[in-house]
Structures are given as structure tokens and as C-alpha cells.
Amino acid sequence: MGPIDLSLTLGQVAWALARGRPPSDQLIDQLRYLRQLEVPFSKAELGAGSSNRIRYGFDQLIELGVAVFGLERGMRPREIARILVDHRGEFRRLYRDTAAALPEDAFAAEWVKSRGAMVPLIEETFLRLHDRYSERPGSFELVPGDSFDAFRQFAAVTERYPGSDFKTVLPLTRLVTELVAWAREAPEIKPGPK
């Protein structure tokens, strides 16, 4: 599959991150705060002025998806932002490689729009984000998986670290597939107050 061309507003990104539902106020606040922490845009990428409309592409959508996933699992905003900003080039290559490895019909699969009700049996790639409790905070690693692992570990993909609670690993292939599918159907949302 070739590169994925997206040009989304913040409202469309929030709609995709909410999996086709109106985004919560909490999600909108998280996205605004993450933007202050340079996720998904560096200061140089943002431009200046209030008339400069920000458009989000594939890389920015997935970066926000990874950030929100980390926040939902107890990572602090500055913690997830540090990992994403410090390793932005590596992450974006990984997002593109993951999308390129998907079959053409991946975004139309039945499980994609199930909002977690169906567990896909796909060749999965996982990301382990090392939080403040890890032996290597601020880093990440790629964890290859297979469809049997995805089936065995169900919807809550967790692993046990020595001397700690369960830690969540991010199912990157699933995240990329779902977010792109929802983003392609995102309605045009006009900017400004409601």
C-alpha cells in the first residue's frame, strides 16, 4: 500500500480518535495540551498567526493516537510527549512502514469499525512505551507479534514487568488501521465555537 494522504482539521482528528463519536471535552483538552508540548507538531511545523489553519496528516493523526493511548493508560502528558518528540523521526517511519505493510482491503475489514467489540486476527506489531516506572523511562521498543498472540492476549494487551503491575503495550497495526479508517470518514467540522 502506498502513502496515506490525509488532510484533517482538529475536529476531524478528534472524531477519528473518538472512533466516530463526538469527542469528549476531556479529549479536546488533552489534544490542546499535547499541542503545547509539541505533539504532533514542532514549533517550526505550526506556523504563526490565528489565520493559519492547521491541517493534520497521517503522521500527526497516528502520533496523537499513540499519545492518547499512553494517556489513557496512566502516562503523564509530559512523559508521553517527551518520548514522541525525542523519537519523532523513528516513530513516523514506523507508522509509515506499518501502513505500507497493510493489505489494500485492511481498512474495510469488519473488525475495524467494531470499536473493540471484535478482536482481529492480524499480523500485529506492538509498541512498548517505557514510562517513569520502567528501567528505561523515556524510551520505546518495537515488539513483533503474531495473530496467535493477538488472539491470546485479547483486547487488553498487557505484559508483566518484574516487581511491578501489568504494563500495557500498544497494538500499533490495529491503531493505524482503525484511525485511518475513521479519519477517511470524518465529517467536515467547521472551526470555531459551537
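Right above here is the structure, for reference.
1. Some thoughts on the overall build of the protein chain
Then step 1. Helix and strand counts for the protein chain stand at eight helices and five strands.
Then step 2. Moving toward the C terminus, one meets the helices and strands of the protein chain in the order α-α-α-α-α-α-β-β-α-β-β-β-α.
Then step 3. When the 194 residues of the protein chain are sorted by exposure, 48% land in the buried category.
Then step 4. Put simply, 72% of the contacts in the protein chain that link residues at least 6 apart link residues at least 24 apart.
Then step 5. By element, 52% of the accessible surface of the protein chain is carried by carbon and sulfur atoms, the whole surface being about 10700 Å².

2. Quick notes on the sheet that holds strand S2 (residues 140–144)
Then step 1. One open sheet accounts for three strands, arranged S2-S1-S5; its pairing is antiparallel. At either end of the open sheet lies a strand with only one pairing partner, and these are S2 and strand S5 (170–171).
Then step 2. As defined by bridge partners, strand S1 (residues 125–129) adjoins S5 across two bridges and the pair is classed as antiparallel. When the bridges of S5 are listed, Phe 126 appears paired with Pro 171.

3. Comments concerning the packing of aromatic side chains
Then step 1. This structure, assessed with the given rule, holds four aromatic pairs.
Then step 2. Look at Trp 15 and Trp 182: their rings are 5.8 Å apart centre to centre, the planes differ by 75°, and that puts the pair in the edge-to-face class. Within this pair, whereas Trp 15 is found in helix H1 (residues 10–17), its partner Trp 182 is found in helix H8 (residues 172–184), the two being separated by 167 residues in sequence.
Then step 3. Among the aromatic side chains, those forming a connected cluster through ring pairs are Phe 91, Tyr 95 and Phe 140.
Then step 4. If you follow Arg 73 out to its NZ or CZ, it ends over the ring of Phe 69, 3.6 Å from the centre.
Then step 5. Its end group placed over the ring of Trp 182, Lys 113 keeps NZ or CZ at 4.8 Å from the ring centre.

4. Regarding the packing of helix H6 (residues 88–100) against H8
Any two packed helices are characterised by how steeply their axes cross, that is the angle between the axes, and by the distance between the axes.
Then step 1. Here H6 crosses H8 at 75°, and the two axes come no closer than 10 Å. When the interaxial angle is binned, H6 and H8 end up roughly perpendicular. Seen from H6, the contacting residues are Leu 94, Tyr 95, Thr 98 and Ala 99; seen from H8, they are Leu 172, Thr 173 and Val 176.
Then step 2. Here the contact of H6 with H8 is built from residues that sort into five nonpolar, two polar and no charged.

5. Let's talk about the pattern of salt bridges
Then step 1. Tallied over the full model, the rule gives 13 salt bridges.
Then step 2. Ionic pairing is found between Glu 38 and Lys 43, a salt bridge with its closest N-O pair at 3.5 Å.
Then step 3. Residue classification places Glu 38 among the partly exposed positions, given a relative accessible area of 25%.
Then step 4. One salt-bridge network, in which partners are shared between bridges, spans Glu 45, Glu 63, Arg 88 and Arg 92.

6. Focus: helix H2 (residues 25–36)
One turn of an α-helix holds 3.6 residues; hence residues three or four places apart share an orientation.
Then step 1. Over its 12 residues, H2 extends 17 Å from the first C-alpha to the last, a length consistent with the 16 Å expected when each residue adds 1.5 Å.
Then step 2. Regarding H2, the residues found buried are Leu 27, Ile 28, Gln 30, Leu 31 and Leu 34. Down the axis of H2, the smallest arc covering the buried residues is 160°, so these residues share one side. Among the exposed residues of H2, those oriented more than 90 degrees off its buried face are Asp 25, Gln 26 and Gln 36.
Then step 3. Remark: Glu 38 follows H2 within two positions and exhibits a positive phi of approximately 70°.

7. Regarding the nonpolar core
Then step 1. The biggest cluster of nonpolar side chains holds 54 residues, and the ones touching the most others in it are Phe 58, Leu 61, Ile 62, Val 66 and Leu 172.
Then step 2. Elements with a minimum of two residues in this core: H1, H2, helix H4 (58–72), helix H5 (77–86), H6, S1 and H8.
Then step 3. Broken down by element, the residue count for this core peaks at nine residues, all from H4.
Then step 4. Setting aside residues up to four positions removed in sequence, Phe 58 forms contacts with Ile 4, Leu 6, Tyr 95, Arg 96, Ala 99, Val 176 and Val 180.

About the thresholds
Each chain has its residues counted from 1, running along the sequence as written. The predicted origin of the model limits local features to residues at a pLDDT of at least 70 and limits the giving and counting of side-chain atom pairs to 80 or more, whereas totals for whole chains, interfaces and linings rest on all residues. Think of the side-chain values as coming from all heavy atoms in the structure, minus any hydrogens and water. The helix and strand labels rest on DSSP assignments: H or I over at least four residues marks a helix, E over at least two residues marks a strand, and numbering proceeds from the N terminus. Exposure categories follow from relative accessible area, calculated using a 1.4 Å probe and restricted to protein chains: below 20% of the type maximum is buried, above 50% is exposed, and the middle band is partly exposed. Here, residues are in contact when the closest pair of their heavy atoms is within 4.5 Å. Under the convention used here, a 1.4 Å probe and the Shrake-Rupley method define accessible areas, while residue burial counts only the protein chains that appear. Strand pairing is assigned whenever DSSP detects at least two bridges linking the two strands. Ring pairs shown here join Phe, Tyr and Trp side chains whose ring centres sit within 6.5 Å, with only the six-membered ring taken for Trp; geometry is labelled stacked below 30 degrees between planes, edge-to-face above 60, and tilted in between. The rule for a charge over a ring is simple: NZ of Lys or CZ of Arg within 6 Å of the ring centre, and within 35 degrees of the ring normal. Only the contacting stretch of a helix is used when fitting its axis, a line to C-alpha atoms as for every element, and angles between N-to-C directions run 0 to 180 degrees. For classification purposes, angles smaller than 35 degrees are called roughly parallel, those larger than 145 roughly antiparallel, those between 65 and 115 roughly perpendicular, and all remaining angles oblique. The classification used treats Ala, Val, Leu, Ile, Met, Phe, Trp, Tyr, Cys and Pro as nonpolar, Asp, Glu, Lys and Arg as charged, and all other residues, Gly among them, as polar. Salt bridges are defined as contacts in which a side-chain nitrogen from Lys or Arg sits within 4 Å of a carboxyl oxygen from Asp or Glu. Expected span of a helix, by definition, is 1.5 Å for each gap between consecutive residues, and there is one gap fewer than residues. Directions from the helix axis toward the C-beta atoms define the arc. Here the nonpolar core consists of buried residues drawn from Ala, Val, Leu, Ile, Met, Phe, Trp, Tyr and Cys, with membership extended through side-chain atoms lying within 4.5 Å.

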